[in-house]
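These are the residues of each chain, in order.
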Amino acid sequence: MAARLLRKTGDAIKHSPAAMKRLMGISKGKYKMELAQADDPFKMGLSYYVDYVGYETFPQLEKSDGEEPKYSLLCEKAVVKVHQEQKPPFKRLVVIVSDQRLTIYDPKDEKSVVRIPLYRIAFCGSHSLFTKTFTFMERSRDGTRTTCHVLACENPAKAQSMVRVVAKAFQNVFLEWSAQQRKQKRQKAGSVDQSVDQAPAEEKAVAASQPASDGGEETATDAAPVLNAEDVEQLDVSEEEKEKRHMHRTFSRRTIRSKKPDVLDTGALSVQPEDFNIDDAAEFAEPVNEDASEGALKGGSALAE
């Protein structure tokens, strides 16, 4: 009995936030300083200890009048329901917001609970009644459902700071995608202009090099199969490429349906990306074990598929 108690005590100490800081060899003060001096703090990853209260999953909302659904209203109701159904103690987890995704990581089990690309986040916010709550809603990649995650912070200020962090990270991802689209259009326009100039000479050269066809025999070009969009989707592509394609579709629709597509819905808080401040973000961020953080960003997810 005594040996079992000692083992449990040892495990608790080993996986405590303070022990993680010692293992990483970095204090919270040094972590804040590195975040403040970083060119892009999101590439470092901003990590926050929270209590995971629970989640509620819904069928994908239908869009009305060509606009984005009101995810905030649905999440408000989900927060109340989850708090009524789930009772403490809650599991202590770590939220890591990086330049590409939001990860909820279990430092004790050393595995990701949820790992979500930022483009699939439809809403994040706090709650008017449960003011210490940080919540966000994600769309599944197949588009069949949305899930509202409910997390409890130590105080309302931390919850609101996390909302600003996620809103800014989302904007960064959208603006990066938007810049890539503009670059690709310029390159495509340039290549089209060049091909138009070269076309007459190339057509003459090709015609001179090929024998005349009497129309009774199929050429190699005629026989080549043509893939439509559905065929392309069935090709074996990497998970990374699938995510890129889905992000493109998601952001393209968002550009059409939203007046400010780079601004994430934050409900009643009405957080704007320019509200983000690195000093405010670092105030509540805490360093975690370096190996654990790296594993969280690379690991899989049971809920996010």
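Residues numbered from 1 in each chain as written. Predicted model: local features only at pLDDT ≥ 70, side-chain atom pairs only at ≥ 80, totals over all residues. Heavy atoms only, no water.

Explanation requested: the state of the cysteines in the structure shown.
Working definition of a disulfide: a covalent bond connecting the sulfur atoms of two cysteines. Considering all chains together, one arrives at one disulfide under this definition. Between the sulfur atoms of Cys75 and its disulfide mate Cys148 the distance is 2.3 Å. The sign of the 95° torsion about the S-S bond sets the Cys75-Cys148 disulfide as right-handed. Of the two residues, Cys75 is situated in helix α5 (residues 71-85) and Cys148 in strand β7 (residues 145-152); the sequence distance between them amounts to 73 residues. With a relative accessible area of 1%, Cys75 lands in the buried category. (Disulfide = S-S within 2.5 Å. Helix = DSSP H or I, 4+ residues; strand = E, 2+ residues; numbered from the N terminus. Buried < 20%, exposed > 50% of the residue type's maximum accessible area, 1.4 Å probe, protein only.)

Would you explain the pairing of β7 in this entry?
Strand residues, when the strand is regular, have side chains that alternate between the two faces of the sheet. Across the eight residues of β7, seven count as buried, placing the element largely inside the fold. Relative to β7, strand β6 (residues 133-139) runs antiparallel, the two being bridged by seven bridges. The partner of Thr135 across the bridge, within β7, is Val150. Between β6 and β7, which follow one another and run antiparallel, lie five residues, and Gly143 among them has a positive phi close to 75°. (Pairing = 2+ DSSP bridges.)

I tried to follow the pattern of salt bridges on my own but got confused; where do I start?
Here the idea is simple: oppositely charged side chains can pair when their charged atoms come close. Inspection of every chain in the model, using the stated rule, returns 16 salt bridges. Across the pair Glu239 and Arg141 runs a salt bridge, and its minimum N-O distance is 3.1 Å. Residue Glu239 is found in helix α9 (residues 239-257), and its partner Arg141 is found in the loop between β6 and β7; the two are separated by 98 residues along the sequence. Here Glu239 falls in the partly exposed class, since its relative accessible area comes to 46%. (Salt bridge = Lys/Arg side-chain N within 4 Å of Asp/Glu carboxyl O.)

Looking at this structure, I do not really get the side chain of His83. What am I missing?
Secondary-structure assignment places His83 in helix α5. Using a relative accessible area of 16% as the deciding quantity, one classes His83 as buried. Here the side chain of His83 touches Thr133 through a polar contact of 3.1 Å, side chain to side chain. Apart from residues no more than four positions distant in its own chain, His83 is found in contact with Val53, Phe130, Thr133 and Val150. (Polar contact = N/O pair within 3.5 Å; in protein donor to acceptor, adjacent residues only side chain to side chain. Contact = heavy atoms within 4.5 Å.)

Mind showing me how you'd approach the pairing of strand β3 (residues 101-106) here?
Within β3, six of the six residues are buried, which leaves the element mostly enclosed by the surrounding structure. On β3, burial covers both faces: Arg101, Thr103 and Tyr105 on one face and Leu102, Ile104 and Asp106 on the other are all buried. Here β3 pairs with strand β4 (residues 111-117) via six bridges, running antiparallel. Pairing of Tyr105 across the sheet is with Ser112, part of β4.

It is not clear to me how the confidence of the model for the protein chain should be interpreted in this structure. Could you clarify?
When pLDDT drops low, the exact placement of atoms in the prediction is not to be read closely. Averaged over all residues, the pLDDT of the protein chain is 77; the fraction at 70 or higher stands at 68%. Least confident of the elements in the protein chain is helix α7 (residues 220-223), whose mean pLDDT is 38; most confident is strand β2 (residues 91-97), at 95. Confidence drops under pLDDT 50 across residues 211-235; counting only partners more than four residues distant or on other chains, this segment forms seven contacts. Predicted confidence for residues 299-305 stays below pLDDT 50, and this span has 22 contacts to residues more than four positions away or in other chains. (pLDDT = per-residue confidence, 0-100.)

Mind showing me how you'd approach the sheet that holds β3 here?
The strands that make up a sheet are held in pairs by hydrogen bonds between backbone atoms, and each pair lies either parallel or antiparallel. Ordered in space as β4-β3-β2-β1-β7-β6-β5, the seven strands form an open sheet in which the pairing is antiparallel. Of all strands in the sheet, those with a lone pairing partner are β4 and β5 (121-125), marking the two edges. Adjacent strand axes in the sheet meet at a mean angle of 30° when their direction is disregarded. With eight bridges joining them, strand β1 (residues 46-59) and β7 adopt antiparallel strand pairing. Considered in β7, the bridge of Phe58 is made with Thr146. (Axes fitted to C-alpha atoms, helices over the stretch in contact; angles between N-to-C directions.)

What's the story with the nonpolar core in this structure? I'm lost.
Generally speaking, a soluble globular protein has its nonpolar side chains buried in company with each other. Within the largest apolar cluster, 43 residues are counted, with the highest numbers of intra-cluster contacts made by Leu102, Ile104 and Phe134. When residues in this core are grouped by element, the largest group, 11 residues, is from helix α6 (residues 156-209). Residues Val53, Phe58, Phe123 and Val150 belong to the second largest nonpolar core, which totals 14 residues. (Core = buried A, V, L, I, M, F, W, Y, C linked by side-chain atoms within 4.5 Å.)

Explain the packing of aromatic side chains here, please?
Tallied over the full model, the rule gives seven aromatic pairs. Consider the rings of Phe42 and Phe276, whose centres lie 5.5 Å apart with planes at 35°: the pair is tilted. Here the residue Phe42 occupies a position in helix α4 (residues 41-44), and Phe276 occupies one in the loop between α9 and α10 (278-284), the gap between them amounting to 234 residues. The burial state of Phe42 is the same as that of Phe276; both residues are buried. With 6.1 Å between their ring centres and 35° between their planes, Phe134 and Phe136 make a pair best called tilted. A single burial state applies to Phe134 and to Phe136, both of which are buried. (Phe/Tyr/Trp six-rings, centres within 6.5 Å; stacked < 30°, edge-to-face > 60°.)

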